[in-house]
Amino acid sequence: MKIVITHTEFSLYWKERLSVFAKQLPTHYQLVVIDVTSAGGVYDFAKNEPTPHIANMSWIHLFDNKNIFELPSREVFKAIWNCLESENPDIVVAGAIASTPGAAAVNWCRNK
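Because the structure is predicted, anything quoted here is derived from the model rather than measured. (Residues numbered from 1 in each chain as written. Predicted model: local features only at pLDDT ≥ 70, side-chain atom pairs only at ≥ 80, totals over all residues. Heavy atoms only, no water.)

Tallying each qualifying case throughout the model produces one aromatic pair. Taken together, a centroid distance of 6.4 Å and an interplanar angle of 15° make the contact between phenylalanine 77 and tryptophan 81 stacked. Pair noted here: phenylalanine 77 and tryptophan 81 are both in helix H2 (residues 73-87), with a separation of four residues, about one helical turn. By relative accessible area, which is 22% here, tryptophan 81 ends up partly exposed. If you follow lysine 15 out to its NZ or CZ, it ends over the ring of tryptophan 59, 5.9 Å from the centre. (Phe/Tyr/Trp six-rings, centres within 6.5 Å; stacked < 30°, edge-to-face > 60°. Helix = DSSP H or I, 4+ residues; strand = E, 2+ residues; numbered from the N terminus. Buried < 20%, exposed > 50% of the residue type's maximum accessible area, 1.4 Å probe, protein only. Lys NZ or Arg CZ within 6 Å of the ring centre and 35° of its normal.)

And the structure:
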């Protein structure tokens, strides 16, 4: 079973929380984290924080070190959509639909 979680930026405490979550999953589950960017957000000071390495968890950084506020929404939407198409998850956890990553993920789910 593949679970994908997507959001604008997973930094600071999110990395540890997602690592603990992945460790709690059954061994046949895979957690894929789609991180739109690692810069330009609220926690910009933590952008160089290392990504955890957990056996059943992988991280996808779509626009590494780019400011989310400078990325065109259409480009972010397309990148999320293409990533979900590639991963083809069983479960998608998305942020609020007011944000482009959340809207893209919900739209992808509705079309599947």
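The next subject is the pattern of salt bridges. Overall, the coordinates contain two salt bridges when judged by the stated rule. One salt bridge connects glutamate 87 with lysine 2, and the closest N-O pair in it is separated by 2.9 Å. Here glutamate 87 is found in helix H2, whereas its partner lysine 2 is found in strand S1 (residues 2-7), with 85 residues between them in sequence. (Salt bridge = Lys/Arg side-chain N within 4 Å of Asp/Glu carboxyl O.)

Okay, the nonpolar core next. With 16 residues, the main nonpolar core has Ile34, Val36, Phe63, Leu71, Val76, Ile80 and Leu84 as its most contacted residues. Sorting the residues of this core by element identifies strand S2 (30-39), strand S3 (57-67), H2 and helix H3 (100-111) as the ones contributing at least two each. It is H2 that provides the largest number of residues to this core, a total of five residues. Excluding its chain neighbours within four sequence positions, the residues that come into contact with leucine 71 are Val36, Phe63, Lys66 and Val76. (Core = buried A, V, L, I, M, F, W, Y, C linked by side-chain atoms within 4.5 Å. Contact = heavy atoms within 4.5 Å.)

There is a patch of nonpolar side chains on the surface, built from Met1, Ile91 and Val93 and spanning about 220 Å² of accessible area. Inspection of the secondary structure assignment puts isoleucine 91 in strand S4 (residues 91-94). Take isoleucine 91: its relative accessible area is 34%, and that puts it in the partly exposed class. (Patch = residues over 30% accessible without salt bridge, like charges linked within 9 Å, V, L, I, M, F, W, Y side chains within 5 Å. Areas by Shrake-Rupley, 256 points an atom, 1.4 Å probe, with all protein chains shown as cover.)

By themselves these figures say nothing about function.
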